Amino acid sequence: MHVTGTKPDCNFRDRLKNVKAALREWSKNKYGSIGVELESWKSKATELESKADQGIITADEHYDWMNARAKWLQKENEVAEMLKQKSRLKWAEEGDDNTAFFHSTIRRNNNSNLRGLYINGSWEENPTSIKEEVHKYFSNIFDHRPTSNPDFESLGVLNFSSLSHEDAMMLEAPILEYETWNVIKESEASKAPGPDGFNLGFSTKWITWIKACLDSASVSILVNGSPTKEFSLKRGIRQGDPLSPYLFIIVAEALNKMIKRAIEVNMFKGPTIGKDNVMISHLQYADDTILFGE
């Protein structure tokens, strides 16, 4: 399925309209005659099964029987999936205004649907009220920044290594094709290329890009298959976000430096082991940290 914009600078909503039209055409081509096809394969499979019961089926007919049974099952699964999608669409269109439909949906799948909520001390089963409360709860968590932030100025005493001006400018430069191929060729299946060192000194422009990646996303919550209103994310990173491991490295390195600084000023002390009395204060590996101390 190929989707193009009506004009080179068409916006996101225009693209969604084009996707909708393309999906409608795809659905017509794929599922338009599915009912007729299902009945055809069912009839053929039933006819051949009757001959098999009478013991008059040939080898070729037995092969056709098995094929017809498989096609019959395939079409039934496709119909079931189509009806499942239509039920979700019907809920999205009617669920807020049709309480009977809301409860019939719940009865069909009682284990995974939300029947109601306690709102302000009262049990509420109205679909609209439930969606509004769910939206309010999650937007309060993710749509507001923390009231207090760490004192990043104090991190200056931790002696982070810093990017040079030239390196910081390189982060803003366009990515060249040969650089991309070099990264691909140097990468192993489960490893990332490049040095393991940690640097601060990122440019304002680069920091703005990262903040935009974190602040520009918006999400909605599915309540019994129907989405709530969207809200923006102002805190935290969604599971699977590709930025997560990189930002985690920065935080992990900061923790590493803070622990070492605490040892220097006698605020923390790790045990010593071996004949050389090597102090072990903490171990870090991937996203795991173990602290040893007193």
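The preceding data block contains the structure.
Quick summary incoming for the structure in this document.

The rules behind each value
Position labels on residues start from 1 in each chain and follow its written sequence. With the structure being a predicted model, the display of local features is reserved for residues of pLDDT at least 70 and the display and counting of side-chain atom pairs for 80 or more, all residues being used for whole-chain, interface and lining totals. Side-chain measures were taken over the full set of non-hydrogen atoms in the model, leaving aside hydrogen atoms and water. In this description a helix means any DSSP run of H or I spanning at least four residues, a strand means any run of E spanning at least two, and both kinds are numbered starting from the N terminus. For every residue, the accessible area obtained with a 1.4 Å probe (protein chains only) is divided by the maximum for its type, and the residue is called buried under 20%, exposed over 50%, and partly exposed between those limits. Contacts are residue-level and defined by heavy atoms, with any inter-residue pair within 4.5 Å sufficient. The Shrake-Rupley method, run with a 1.4 Å probe sphere, supplies the accessible areas, and residue values consider only the shown protein chains as cover. The length a helix should cover is 1.5 Å for every residue beyond the first. We call two strands paired when DSSP finds no fewer than two bridges between them. Each aromatic pair joins two rings of Phe, Tyr and Trp (for Trp, the six-membered one) with centres within 6.5 Å, and gets the label stacked for planes under 30 degrees apart, edge-to-face for over 60, and tilted for any other angle. What makes a salt bridge here is a side-chain nitrogen of Lys or Arg within 4 Å of a carboxyl oxygen of Asp or Glu, nothing more.

### Some details on the overall build of the protein
(1) Moving on: When its secondary structure is counted, the protein shows nine helices and ten strands.
(2) Moving on: Burial status across the protein gives 20% buried among its 294 residues.
(3) Moving on: For the protein, the share of sequence-separated contacts (at least 6 apart) that also reach a separation of at least 24 residues comes to 51%.
(4) Moving on: As displayed, the protein offers around 22,100 Å² of accessible surface, 55% of which is attributable to carbon and sulfur atoms.

### Some details on helix 9 (residues 244-264)
(1) Moving on: Its 21 residues give helix 9 an end-to-end C-alpha distance of 30 Å, which sits within 8% of 30 Å, the value for a rise of 1.5 Å per residue.
(2) Moving on: Where helix 9 is concerned, the buried positions are Ala252, Ala254, Asn256, Ile259 and Ala262.
(3) Moving on: In the core, the buried residues of helix 9 are packed alongside strand 9 (282-285) and strand 10 (288-291).
(4) Moving on: One or two steps after helix 9, the chain reaches asparagine 266, where phi turns positive at roughly 60 degrees.

### With respect to the pairing of strand 10
(1) Moving on: Pairing of strand 9 with strand 10 involves four bridges; the strand directions are antiparallel. Looking across to strand 10, one finds that histidine 282 is bridged to leucine 291.
(2) Moving on: Linking strand 9 back to strand 10 in an antiparallel pair, the connection comprises two residues, with alanine 286 at a positive phi of about 55 degrees.

### Comments concerning the packing of aromatic side chains
(1) Moving on: A complete count under the given rule lists three aromatic pairs for this structure.
(2) Moving on: The interplanar angle of 90 degrees and the centroid separation of 5.1 Å between the aromatic rings of tyrosine 137 and phenylalanine 138 together place this pair among those described as edge-to-face.
(3) Moving on: Residue phenylalanine 138 is classed as partly exposed on the basis of its relative accessible area, which comes to 28%.
(4) Moving on: Centroid distance phenylalanine 202 to tryptophan 206: 4.3 Å. Interplanar angle 20 degrees. Geometry classified as stacked.
(5) Moving on: Its relative accessible area of 23% is what places phenylalanine 202 among the partly exposed residues.

### Some thoughts on the pattern of salt bridges
(1) Moving on: Taken as a whole and judged by the stated rule, the model has four salt bridges.
(2) Moving on: The shortest N-O distance in the salt bridge between lysine 51 and glutamate 61 comes to 2.6 Å. Within this pair, whereas lysine 51 is found in helix 2 (residues 34-54), its partner glutamate 61 is found in helix 3 (residues 59-94), the two being separated by ten residues in sequence.
(3) Moving on: The partner of arginine 261 in a salt bridge is glutamate 264, with the nearest N and O atoms 3.2 Å apart. Residue arginine 261 and its partner glutamate 264 are located together in helix 9, separated by three residues, close to a single helical turn.
(4) Moving on: For arginine 261, a relative accessible area of 35% puts it in the partly exposed group.
(5) Moving on: Glutamate 264 sits in the exposed class, given a relative accessible area of 55%.
(6) Moving on: It is possible to trace a salt-bridge network through shared partners that takes in Glu37, Lys75 and Glu78.

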